[in-house]
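# Reading the structure
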Amino acid sequence: MKDVTPLTAPSSGPGLPTADALPADTDSSALVADLAVSPECNIRLFNGGETIFTEGSAPDRAYIIESGYVEIFVGAGADSLQLNVLGPGDIFGEMGIIDASPRSASAKAIGPCRCIVLSAALVAERIESSSPMVRLLIAMSLHRNRAYNTYLKSLARPQLSLPQPAVTENTYAKNQQYQQILEDIKLESDLQNAVGNDELFLMYQPLLDLNTRSIIGFESLLRWQCPQRGLITPQHFIALAEETSLILPMGDWILEHSCASLRRFQDQLDRIGQSQTNFFVSVNISVRQFQQPDFFDRLMACSQRHGVSAHQIKLEVTERIFLDLDEIDAIDSIGKCRAAGFEVSLDDFGTGYSSLNYLERCEIDCLKIDRSFIHKLCTSDRARILVGSIIDIAHKLSLPTVAEGIETQAQMEALQAMGCAIGQGFLFSHPLRFNEALALVGQSLAPNFLHLA
Ligand code: C2E
Ligand code: CA
Ligand code: CA
């Protein structure tokens, strides 16, 4: 059992400064006469010995100590037990706000004390806007903190019995949302090993010239063969990788393998006497990758390493690049890649915000119409009008359009009639393993030719 005997009541914990031992606070002493809350700057002044809040009360605010010292304690009078003495820069009173529980300790000023008041709403808003994982970590450490405080109380006052397990039991463990967060934490930890353990691989989905049906390139699509979970598609882990910096080594890996595959596709075309200098691989690039100052250098180095031309690599970016990156930076980065010959496609076009705005300011090479529009193309007049308008705008800007997610002959015919140049979708082929894709290089695909499950 942990030795806590030196922590004796009242207010004389070992290693914790007592009021006498604390440095004098000259700054605030002159102001202490005024005890009113200052609405303009949310400053609160306390006299020495003044109670700031009491154990069991409802938490309505937290405090940051600007000057002076605050004692945190449990119990009252001779029975009180000092838990901590906090000084300038420390925050206190936040626990109850975070987990909406009554105050588990009291606070009183040791000498004149000046504090910044944080309203409960302000703290709650910050917590709410943090990631679920951060909230879980905070909630768990609070839970432990409270349990420890209870334990200390029981040592100081042996007449208090320790709470029943039901009270200290981690209620979060039963919460479905927290279970999901825990699952994400485990997924993230497994994902950390995925690159190093060779668990990632790319699949390649053909892109076709809709008039000739010939394969003009592939989009590389990431897959994760997780030993514990089986095959996982990117919807289940890309967002998580993007939230952390995991997407960076992963993105390097994707670029490396996409360029290596492109080299082999190119070699195959040469071998069968169909050399095409325009055969391409489209690579999905996350905003985080673009944010790296040396992204362009890495991209250049990678294409050179594999002996492929810049114009054979299409970078698929979503409109998020204009939201998450400073717009000027995004336009600069895109411009730098394009100047070197890399092509930039705007992916999932039509699903983001104010795309037309960005189209005016930033030159790109291709628009990819999101598959949600294609899905409704033949059943919704509005979808048909929107797709027709996107293709018209693209024509007027001299941009080719790619329709992704083509699943039916009718969708393909409608797109052709509207003048869409390039198509991709299950109607032609699902994403393929590298060797399957290699075998198709140089071929044309009839619809349903490769309608693989
Ligand atoms: P995306 O870039 O829009 O990729 C196209 C997705 O549509 C792929 O899903 C593809 O399998 C699917 N798809 C293709 N044709 C059809 C069709 O006819 N019908 C339907 N219902 N779906 C079709 P996938 O491979 O699961 O990828 C999902 C998303 O994950 C991608 O959407 C992309 O945002 C992301 N992703 C995939 N690979 C990478 C990668 O290497 N890097 C990054 N950063 N993101 C990736
Ligand atoms: Ca894409
Ligand atoms: Ca897309």
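Scroll up to find the structure this text is about.
Structural notes, computed from the coordinates.

Parameters at a glance
- Residues numbered from 1 in each chain as written.
- Chains lettered and ligands numbered in written order.
- Predicted model: local features only at pLDDT ≥ 70, side-chain atom pairs only at ≥ 80, totals over all residues.
- Heavy atoms only, no water.
- 1 Å grid on protein atoms, 1.4 Å probe; cavity = no way out; pocket = protein on both sides within 12 Å on 5 of 7 lines; lining within 4 Å.
- Points joined across faces, edges and corners; volume = space filled by probe spheres on them.
- Helix = DSSP H or I, 4+ residues; strand = E, 2+ residues; numbered from the N terminus.
- Nonpolar A, V, L, I, M, F, W, Y, C, P; charged D, E, K, R; others polar.
- Contact = heavy atoms within 4.5 Å.
- Core = buried A, V, L, I, M, F, W, Y, C linked by side-chain atoms within 4.5 Å.
- Buried < 20%, exposed > 50% of the residue type's maximum accessible area, 1.4 Å probe, protein only.
- Near = heavy atom within 4 Å.
- Polar contact = N/O pair within 3.5 Å; in protein donor to acceptor, adjacent residues only side chain to side chain.
- Areas by Shrake-Rupley, 256 points an atom, 1.4 Å probe, with all protein chains shown as cover.
- Donors = N, O, S within 2.8 Å, 3.2 Å for Na, K, Ca; no water.
- Salt bridge = Lys/Arg side-chain N within 4 Å of Asp/Glu carboxyl O.

Scanning the model with the defined rule gives 1 cavity of 30 Å³ or more in all. Considering only enclosed or pocket space, the largest cavity measures out at about 40 Å³ in volume. Those elements that provide at least two residues to the lining of the largest cavity are strand 10 (280-284), strand 11 (313-317) and strand 13 (366-369). For the lining of the largest cavity, the per-class residue count stands at 5 nonpolar, 2 polar and 3 charged.

With that settled, consider the environment of Phe-290. Residue placement: Phe-290 occurs in helix 9 (residues 287-291). For the pair Phe-290 and Val-317, spaced 27 residues apart in sequence, the C-alpha separation works out to 9.2 Å. Sequence-distant contacts of Phe-290, that is, excluding residues within four places in its chain, are made with Ile-285, Phe-295, Leu-315, Val-317, Ile-321, Ser-333, Ile-334 and Cys-337.

Ranked by internal contacts, the top residues of the largest apolar core, which has 83 residues, are Phe-265 and Leu-415. With 10 residues, the top contributor of residues to this core is helix 8 (residues 247-271). Those residues within four positions of Phe-265 in sequence are excluded, and the remaining contacts are Tyr-204, Phe-218, Phe-279, Val-281, Phe-434, Ala-437, Leu-438 and Val-441. Core analysis: the next-biggest nonpolar cluster, separate from the first, contains 19 residues, Phe-46, Ile-72, Leu-81 and Ala-109 among them.

Below, the discussion takes up the site of ligand 1. Near ligand 1, the surroundings consist of 21 residues, among which Arg-223, Gln-235, Asp-347, Glu-407 and Phe-426 are the closest. With respect to ligand 1, the side chain of Arg-223 contributes an N or O atom lying 2.9 Å from an oxygen atom. Glu-407 is positioned such that a nitrogen or oxygen atom in its side chain is 2.5 Å from a nitrogen atom of ligand 1. Burial of ligand 1 by the surrounding chains reaches 87%, relative to a free accessible area of 790 Å². At the level of secondary structure, the elements contributing two or more residues to the shell around ligand 1 comprise strand 8 (215-226) and strand 12 (343-349).

Before going further, it helps to spend a moment on the coordination of the calcium ion (ligand 3). Only Asp-347 (OD), Asp-348 (OD), Glu-404 (OE) and Glu-404 (OE) from the protein coordinate the calcium ion (ligand 3), and they sit 2.2 to 2.5 Å from it. In primary sequence terms, the donor set of the calcium ion (ligand 3) follows D-D-x55-E. You can call Asp-347 buried: its relative accessible area is 6%.

Here we take up the pattern of salt bridges. Evaluation of the coordinates by the stated rule reveals 19 salt bridges. Of the charged contacts, one joins Asp-60 and Arg-103 as a salt bridge, the two residues approaching to 3.5 Å between their closest N and O atoms. Of this pair, Asp-60 sits in the loop between strand 2 (51-53) and strand 3 (61-74) while Arg-103 sits in the loop between helix 2 (95-99) and strand 6 (106-119); the two residues are 43 residues apart in sequence, bridging distant segments of the chain. Overall, Asp-60 belongs to the partly exposed group, its relative accessible area being 44%. Here Glu-66 ties to Arg-114 by a salt bridge, and the two come within 2.6 Å at their closest N and O atoms. Residue Glu-66 is located in strand 3, and its partner Arg-114 is located in strand 6; the two are separated by 48 residues in the primary sequence. If you follow the salt bridges from partner to partner, you end up with Glu-219, Glu-316, Lys-368, Arg-371 and Glu-404 in one network.

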